[in-house]
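# Chains, contacts and geometry: an overview
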Amino acid sequence: MTTTYAALLRGINVSGHKRVPMADLRALLSGLGHDNVVTHLQSGNAVFTSASDDEDAVARALEQAIEDRFGFTVDCVVRDGGYLRAVADACPFPADTLEGKQLHVTFFSAPVDPERLASLDPAGYLPEEFRLGDRALYLYAPNGLGRSKLAEALGRPALFKGVTATSRNWNTVVKLVELTRD
């Protein structure tokens, strides 16, 4: 029995830093015993099938393989296709009426206590909004992520200390759901 997963790598191939060519990422995943490996975009999205049923173990093995191959640390979040579909289905914003650049999902390596976000005054960021989901945070940024004051506030390292967080725009989320569909 195999499971289809998406590996979401944090912070690779951004402004020439932490370069991980997608062909090398595919080879690493195949070398770890995973099958049907494909990548999406250059920003660290890979889909594959695996006999493992432990997302965290798959993520740690990939992180170690990247460090061994490239000499730097890359945090990874691995989620199965069912989880990705559930995240898309649970979106609290009208995704069908928004541009992909207006809606983002931050995937977390573990559940996040809402208390971590208590210091943020939602009214101070309107019309931008966020909602916490199952190991995910949905961000509505009508003017895009680059101009988002809320995204800047949510990006403070202390806010999610001890939890790996990596974000994808809605177009990428939808594509990953499609690619992980059994």
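As shown above, the structure is provided for reference.
Everything in this summary refers to the structure shown in the same document. Treat the numbers as computed from the prediction; the structure is a model and nothing was measured. (Residues numbered from 1 in each chain as written. Predicted model: local features only at pLDDT ≥ 70, side-chain atom pairs only at ≥ 80, totals over all residues. Heavy atoms only, no water.)

## Details of the environment of Arg131
Its location among the elements puts Arg131 in strand S6 (residues 129–133). The spacing of Arg131 and Ser50 is 81 residues in sequence and 31 Å in space, taken between C-alpha atoms. Here Arg131 is in contact with Pro92, Phe93, Ala136, Leu137 and Tyr138, once residues within four sequence places are set aside. Looking at Arg131, its side chain comes within polar contact range of the side chain of Glu129, at 2.9 Å. (Helix = DSSP H or I, 4+ residues; strand = E, 2+ residues; numbered from the N terminus. Contact = heavy atoms within 4.5 Å. Polar contact = N/O pair within 3.5 Å; in protein donor to acceptor, adjacent residues only side chain to side chain.)

## Things to note about the side chain of Thr180
By the secondary structure assignment, Thr180 is in the segment after helix H5 (170–179). For Thr180, the side chain forms a polar contact with the main-chain oxygen of Val177, separated by 3.3 Å. For Thr180, the residues in contact, after removing those within four places along its chain, are Thr4, Tyr5, Ala6, Val47, Gly81, Leu84 and Arg85.

## Concerning the packing of aromatic side chains
In total, this model carries 5 aromatic pairs according to the counting rule given. Sitting over the ring of Tyr83, Arg79 keeps its end group 5.5 Å from the ring centre. (Phe/Tyr/Trp six-rings, centres within 6.5 Å; stacked < 30°, edge-to-face > 60°. Lys NZ or Arg CZ within 6 Å of the ring centre and 35° of its normal.)

## Some words on empty space enclosed by the protein
By the definition in use, this model includes 1 cavity of 30 Å³ or more. Here the largest cavity defines a volume of roughly 40 Å³. Glu55, Asp56, Ala59, Arg60, Cys76, Val77, Val78, Arg79 and Ser109 together form the lining of the largest cavity. Secondary-structure elements contributing two or more residues to the lining of the largest cavity are helix H2 (55–70) and strand S4 (76–80). Here the lining of the largest cavity is composed, by residue class, of 4 nonpolar, 1 polar and 4 charged. (1 Å grid on protein atoms, 1.4 Å probe; cavity = no way out; pocket = protein on both sides within 12 Å on 5 of 7 lines; lining within 4 Å. Points joined across faces, edges and corners; volume = space filled by probe spheres on them. Nonpolar A, V, L, I, M, F, W, Y, C, P; charged D, E, K, R; others polar.)

## With respect to the pairing of strand S5 (residues 103–108)
When you tally the buried positions in S5, you get 6 out of 6 residues, the bulk of the element. Of the two faces of S5, the one carrying Leu103, Val105 and Phe107 and the one carrying His104, Thr106 and Phe108 are both buried. In this sheet, strand S7 (residues 136–140) lies alongside S5 in antiparallel orientation, the contact comprising 5 bridges. Within S7, the residue paired with His104 across the bridge is Leu139. (Buried < 20%, exposed > 50% of the residue type's maximum accessible area, 1.4 Å probe, protein only. Pairing = 2+ DSSP bridges.)

## Re helix H3 (residues 81–89)
Burial in H3 covers these residues: Gly81, Tyr83, Leu84, Val87 and Ala88. Angularly, the buried residues of H3 cover 160° about the axis, an arc narrow enough to put them on a single face. In this structure, the buried residues of H3 make contact with strand S1 (3–9), S4, S5, S7 and H5. (Arc of directions from axis to C-beta.)

## Considering the sheet that holds strand S2 (residues 35–40)
With antiparallel pairing, 4 strands are arranged side by side in an open sheet as S2-S3-S1-S4. Edge strands, defined here as strands with exactly one partner in the open sheet, are S2 and S4. For this sheet the average axis-to-axis angle between neighbouring strands, irrespective of direction, equals 20°. One ladder, built from 5 bridges, connects S1 with S4; its direction is antiparallel. In the sheet register, Tyr5 faces S4, and the bridge partner there is Asp80. H5 contacts S1, S2 and strand S3 (45–50) of the sheet and is inclined by roughly 20° relative to S3. (Axes fitted to C-alpha atoms, helices over the stretch in contact; angles between N-to-C directions.)

## Focus on the layout of surface pockets
Of the volumes computed, that of the largest pocket is approximately 800 Å³. Lining of the largest pocket is provided by 35 residues; of these, Arg10, Thr106, Ala165, Thr166 and Ser167 occupy positions nearest its centre. For the lining of the largest pocket, the secondary structure elements donating two or more residues are S5, S7, helix H4 (149–154) and strand S8 (165–169). The element best represented in the lining of the largest pocket is S8, accounting for 5 residues.

## Overview of the sheet that holds S6
Judged by pairing direction, the sheet is antiparallel, and its 4 strands sit side by side in the order S6-S7-S5-S8 without closing on themselves. Both outer strands of the open sheet, S6 and S8, are each paired with one neighbouring strand and no more. Neighbour to neighbour, the strand axes of the sheet diverge by 20° on average, direction disregarded. By the bridge criterion, 5 bridges tie S5 to S8 in an arrangement that is antiparallel. By the bridge assignment for S8, Phe108 is matched with Ala165. Against the sheet, H3 contacts S5 and S7, and its axis sits at roughly 140° relative to S5.

Don't take any of this as a statement about function, it's just geometry.
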